[in-house]
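A closer look at the structure
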Amino acid sequence: MQTPWGFPDFDAHEALHLIHDEATGLRAIIAVHSTHLGPSAGGTRFWHYADDADALTDVLRLSRGMSYKNAMAGLPLGGGKAVILAGEDRHKTPGQLAAFGTAIDRLGGQYITAEDVGMTVADMIEIARKTRFVAGLPVAGGAVGGDPGPHTSLGVFLGIKAAVKRALGKDSVDGLHIAIQGAGSVASGVALHAAAEGAKLTIADVDAARAQALATQVNGKVADPADILSLNADVVSPCALGAILTEQSIAALNTPIVAGGANNQLATPEDGERIHARGILYAPDYVINAGGMINVSTEYVRDGDASLVRRRIEAIPGRLEQIWVESASSGRNPAAVADATAQALIGRSSAAD
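**Notes on the pattern of salt bridges**
Under the definition given, this model contains 18 salt bridges. Its salt-bridge partner being arginine 348, residue aspartate 11 comes within 4.0 Å of it at the nearest N-O pair. Of the two residues, aspartate 11 sits in the segment before strand E1 (15-21) while arginine 348 sits in the segment after helix H13 (334-345), which places them 337 residues apart along the sequence. By relative accessible area, arginine 348 is classed as partly exposed at 31%. With a closest N to O distance of 3.1 Å, aspartate 52 and arginine 27 form a salt bridge. One end of the pair, aspartate 52, is in helix H1 (residues 52-72); the other, arginine 27, is in strand E2 (residues 26-34), and 25 residues separate them in sequence. Ionic contacts of the salt-bridge type, sharing partners, join the residues Arg45, Asp58, Lys81 and Asp116 into one network.

So this is what it looks like as C-alpha cells:
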C-alpha cells in the first residue's frame, strides 16, 4: 500500500486531514503544507476526480503552491488547500458544507479556507456558519473581501503586461493576440481587461457555450480546447486547471509568452526547463495569480483597506521582473528561480541552492 509519504508531490507537508461525514456523504482532504509564516491558507476546490489518488495529488500540489504564493506575495500566511470530492453529478448540499465547516473548525485555525474552483461566495457563507476560519465572504461595495476572482484577474492581467513589456518591448496589449484557456471567473476577468486595452482574443473552454458567451462579450474568437495552447499568439494564458504544460504541449507552443492564472501549470519541474529552453518567457503561476489571495489575506488579517489591496496587487509585475532578471543572469529557468526563493522564505532551503 502506498502512503502519502510515497507520493511524488508529498513535500514535507506538515499535516494531511482526511474527512468523512457519513451522514452527509462528505469526503474531503485538507492539506497543510507549511505554517512557517502563519496559519495555512488556501481555497477549497469542489471537483469530481477519476479516483481518490488524483484528489490527493491535487491537494498536495495545490497546498505547496499556496505556501509559495503567500510567501512570494509577502503575506503573513502559510500554505494549505482543501478538496471536496464531488460525485459524478457534481452536486453539493448545505449539510456537506456544514460538515466541512465543522471539520475546519476542529483544526483550531491551522487552516483558513476561501473559494476555489467549484465553490462560490454562497458556499463560503454556509461554511462560515460552522467556523470563523473562512474568508472570501460578502462585503459592502468598496470593502475588502468577497469574491477573490476579480482580484486574481487584475493581477494576472498586470503580469501579462509585464511579460509583454519584457519579451516584446510593448507597454500595451493593444493589437496583440492573446489565447486564453478557460472561460471561468479569472479567465473572464483577464479577457475583459485585455479587450478593454485593445487585445485580440481567442477563448477555449470545455464548456463550449461558456466559451462562446465570453468570446461574444469581448468580440473574440473561439478555439477548440485541444488547440488553444498551440495557437499562433503573442501570449498564451492558461486560466483553467493545472498540469497543462507538459513535454508534448510545450513542444507545440507557438508563442513568446506563457502567462496565466491557472495553478500548477507545469506538469513536472522539468517542464520549467523545457519551456525556458525554447526561449519562451514564463510567468510562474503562483506569483502572477496571487491577487485573489492578497485580497483574502487583507480581509482575514484586517491589516488594510481596498486601496492597500490594489497597491499589493500592483506589486506583482515587479516581483515577476525580479524573477526574470535573476533567471537571465543565472541561467536558471524562472520557475526554478521562483521555487528557490519561495522555499527560502518558508524556511525550507536557501535561495542560493
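**Section: the packing of helix H11 (residues 306-314) against helix H12 (residues 316-330)**
For the pair H11 and H12, interaxial distance at closest approach is 4 Å and the crossing angle is 20 degrees. When the axis of H11 is compared with that of H12, the two are roughly parallel. Listed contacts from H12 to Arg312, Ile313 and Glu314 of H11 are Ile316, Pro317 and Arg319. The residue makeup of the contact of H11 with H12, split by class, is three nonpolar, no polar and three charged.

**Considerations on H1**
With 21 residues, H1 extends 30 Å from end C-alpha to end C-alpha; this agrees with the ideal 30 Å at 1.5 Å per step. Burial of H1 is extensive: 17 of the 21 residues sit out of reach of the surface. Two or three places before alanine 53, at the opening of H1, aspartate 51 has a side-chain oxygen 3.0 Å from that residue's backbone nitrogen. Backbone geometry just downstream of H1 places glycine 74 in the positive-phi region, at approximately 75 degrees.

Quick notes on the rules
- Residues numbered from 1 in each chain as written.
- Predicted model: local features only at pLDDT ≥ 70, side-chain atom pairs only at ≥ 80, totals over all residues.
- Heavy atoms only, no water.
- Salt bridge = Lys/Arg side-chain N within 4 Å of Asp/Glu carboxyl O.
- Helix = DSSP H or I, 4+ residues; strand = E, 2+ residues; numbered from the N terminus.
- Buried < 20%, exposed > 50% of the residue type's maximum accessible area, 1.4 Å probe, protein only.
- Axes fitted to C-alpha atoms, helices over the stretch in contact; angles between N-to-C directions.
- Parallel < 35°, antiparallel > 145°, perpendicular 65-115°, else oblique.
- Contact = heavy atoms within 4.5 Å.
- Nonpolar A, V, L, I, M, F, W, Y, C, P; charged D, E, K, R; others polar.
- Expected span 1.5 Å × (residues − 1).
- Polar contact = N/O pair within 3.5 Å; in protein donor to acceptor, adjacent residues only side chain to side chain.

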